[in-house]
Amino acid sequence: MVRAIMAAVGMGGVSAMLCVGAPAATADEVCTAESRPMVEDIYPTSDVLPANLLRFYVYFSEPMERSAALEHVTLRSVSTGKAVAGAFFQSRYDLWSTDGRRLTVLLDPGRVKSGLDASDELGRALDVGEPYLLEIGGAISAANGCALETNVIKHFAVGPADAESPSLDQWRLHLPQTNTREPVRIALNGAHDHVSLAYRIRVKTDQGEPVAGAIQLSRNESEWRFTPRTPWTESLYVVRVDPALEDLAGNRLAGLFDDPTGESRVNQAHTDTYELEFWPAE
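Residues numbered from 1 in each chain as written. Predicted model: local features only at pLDDT ≥ 70, side-chain atom pairs only at ≥ 80, totals over all residues. Heavy atoms only, no water.

Chemist: Sorry if this is basic, but what is going on with the sheet that holds strand β14 (residues 201–205) here?
Modeler: Taken in spatial order, the three strands line up as β14-β17-β18 in an open sheet, and their pairing is antiparallel. The two strands at the open ends of the sheet, each matched to only one other strand, are β14 and β18 (274–278). Strand-to-strand twist of the sheet, defined as the mean angle between neighbouring strand axes without regard to direction, takes the value 25 degrees. Pairing of strand β17 (residues 237–241) with β18, which is carried by five bridges, proceeds in the antiparallel orientation. Bridging from a neighbouring strand, Val239 pairs with Leu276 of β18. (Pairing = 2+ DSSP bridges. Helix = DSSP H or I, 4+ residues; strand = E, 2+ residues; numbered from the N terminus. Axes fitted to C-alpha atoms, helices over the stretch in contact; angles between N-to-C directions.)

Structure (structure tokens):
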């Protein structure tokens with residue numbers, strides 16, 4: 001399935017989620033079905049995620065009440081039925097998009113990056129081979145005061161930690177035809193952060209002018225597609241990739257988020273340029 005990115009975010013159907021019958025705490029006669037928010041998406045969309053996953057993103061149909069949102073979000077072990085203690089990064093401010101519809105749920109980086117206190121004392125929040133669920137509680141409210149009608153749950157299993165950075169050398173470029181609006185497709189080396197994919201890859205002419213078009217993601221965020229607004233011409237194009245492009249574990253082109261050598265450049269400023277050039281096929 002190809003998932004379109006609208007306004008740099010995903011607005012497709014909910015993937016790998018179930019709605020369960022826990023009633024919303026604020027349900028009353030004022031809140032009709034039409035006025036209640038819904039969960040439209042949870043990213044990453046895959047049902048197998050790496051043990052060093054760094055973020056979830058939850059998309060809502062309406063602008064949400066921004067305060068204390070994480071009180072309504074739970075990471076739970078399916079095997080034990082218990083919530084994973086200390087799974088999320090606690091901040092004074094919840095990580096909302098400017099329109100109040102996307103909540104970033106950041107797993108505690110101290111439990112992802114080795115050598116830190118949280119990592120040494122608690123270990124990773126996710127155990128390889130175990131099933132988990134991310135639960136969005138029905139009491140979470142929209143800005144209009146109405147809550148979800150039900151809890152929403154994403155089930156997923158945990159695979160090995162991702163210890164491989166994004167790498168252009170491993171990307172496979174699928175060329176479009178000249179004089180068409182076929183998408184240029186890039187098969188990535190693994191699933192990447194979908195917000196990063198929306199902002200960190202751009203197509204330009206060989207003169208550096210941006211090419212207008214639409215980005216789509218498919219294969220659980222492991223394939224990036226770009227459809228131009230006007231047909232491709234018989235000329236050279238350049239795919240420019242920001243060094244800050246991240247995969248699901250926060251690994252960047254510059255290095256690993258959790259580098260066992262301690263030499264990662266992930267959090268350092270740099271001006272590297274990463275490019276792929278292509279001519280549309282005749």
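Chemist: Looking at this model, I keep getting lost on the environment of Ala87. Mind explaining?
Modeler: Examined against the element boundaries, Ala87 turns out to sit in the loop between β7 (73–77) and β8 (95–96). Under the relative-accessibility criterion, Ala87 is labelled buried at 3%. Distance from Ala87 to Ala125, taken between C-alpha atoms, is 5.5 Å for residues 38 residues apart in sequence. In this view, Ala87 contacts Leu75, Leu106, Leu107, Asp108, Arg111 and Ala125; residues no more than four positions away in its chain are not counted. (Buried < 20%, exposed > 50% of the residue type's maximum accessible area, 1.4 Å probe, protein only. Contact = heavy atoms within 4.5 Å.)

Chemist: Could you clarify how one ought to interpret the nonpolar core in this entry?
Modeler: The nonpolar side chains of a soluble globular protein tend to be buried with one another. Core analysis: the biggest nonpolar cluster contains 32 residues, and Phe56, Phe60, Leu75, Ile136 and Phe156 have the highest contact counts within it. Of all the secondary structure elements, the ones that give two or more residues to this core are β4 (39–43), β6 (55–60), β7, β9 (102–106), β10 (131–136) and β11 (151–159). Among the nonpolar cores identified, the runner-up in size contains 22 residues, and Ile186, Val239, Leu253 and Phe278 belong to it. (Core = buried A, V, L, I, M, F, W, Y, C linked by side-chain atoms within 4.5 Å.)

Chemist: Sorry, what's going on with the sheet that holds β6 here?
Modeler: Where strands meet in a sheet, backbone hydrogen bonds hold them as pairs that are either parallel or antiparallel. In spatial order, the strands read β4-β6-β9-β8; together these four strands make up an open sheet with antiparallel pairing. Each edge of the sheet is formed by a strand with only one pairing partner; in this case those strands are β4 and β8. With two bridges connecting them, β8 and β9 associate as antiparallel partners. The residue of β9 that forms the bridge with Trp96 is Leu103.

Chemist: So what exactly am I meant to see when it comes to the pairing of β11 here?
Modeler: As a general feature of sheets, a regular strand has side chains that alternate between the two faces. Within β11, seven of the nine residues are buried, which leaves the element mostly enclosed by the surrounding structure. Pairing analysis gives three bridges linking strand β5 (residues 48–50) to β11, with the strands arranged parallel. Across the sheet, Pro50 pairs through a bridge with Gly159, a residue of β11. In the sheet, β10 pairs with β11 via six bridges, with the strands oriented antiparallel.

Chemist: It is not clear to me how the state of the cysteines should be interpreted in this structure. Could you clarify?
Modeler: Defined simply, a disulfide is a covalent bond joining two cysteines at their sulfur atoms. Evaluated as defined, the whole model comprises one disulfide. Each disulfide pairs two cysteine sulfurs, and for Cys31 the partner residue is Cys146, the sulfurs being separated by 2.2 Å. Looking down the S-S bond of the Cys31 and Cys146 bridge, the torsion is -90 degrees, so its handedness is left-handed. Here Cys146 lies in the loop between β10 and β11 and Cys31 lies in the loop between β3 (17–20) and β4, a separation of 115 residues in the sequence. Each member of the pair Cys31 and Cys146 is classed as buried. (Disulfide = S-S within 2.5 Å.)

Chemist: Please clarify how the packing of aromatic side chains should be interpreted in this entry.
Modeler: Any two aromatic rings considered together are summarised by their centre-to-centre distance and by the angle between their planes. Evaluated as defined, the whole model comprises nine aromatic pairs. Measuring from ring centre to ring centre gives 5.7 Å for Tyr43 and Tyr59, while their planes differ by 75 degrees; the resulting arrangement is edge-to-face. Here Tyr59 lies in strand β6 and Tyr43 lies in strand β4, a separation of 16 residues in the sequence. Like Tyr43, the residue Tyr59 is buried in the burial classification. Geometrically, the ring pair formed by Trp232 and Phe278 is edge-to-face, given 5.5 Å between the ring centres and 80 degrees between the ring planes. In this pair, Trp232 is assigned in the loop between β16 (223–228) and β17 and Phe278 in strand β18, connecting sequence segments 46 residues apart. For the pair shown, Trp232 and Phe278 are each scored as buried. An aromatic cluster of three or more residues is present, and its members are Trp224, Phe226, Trp232, Tyr237 and Phe278. (Phe/Tyr/Trp six-rings, centres within 6.5 Å; stacked < 30°, edge-to-face > 60°.)

These results come straight from atomic positions and should not be treated as a statement about function.
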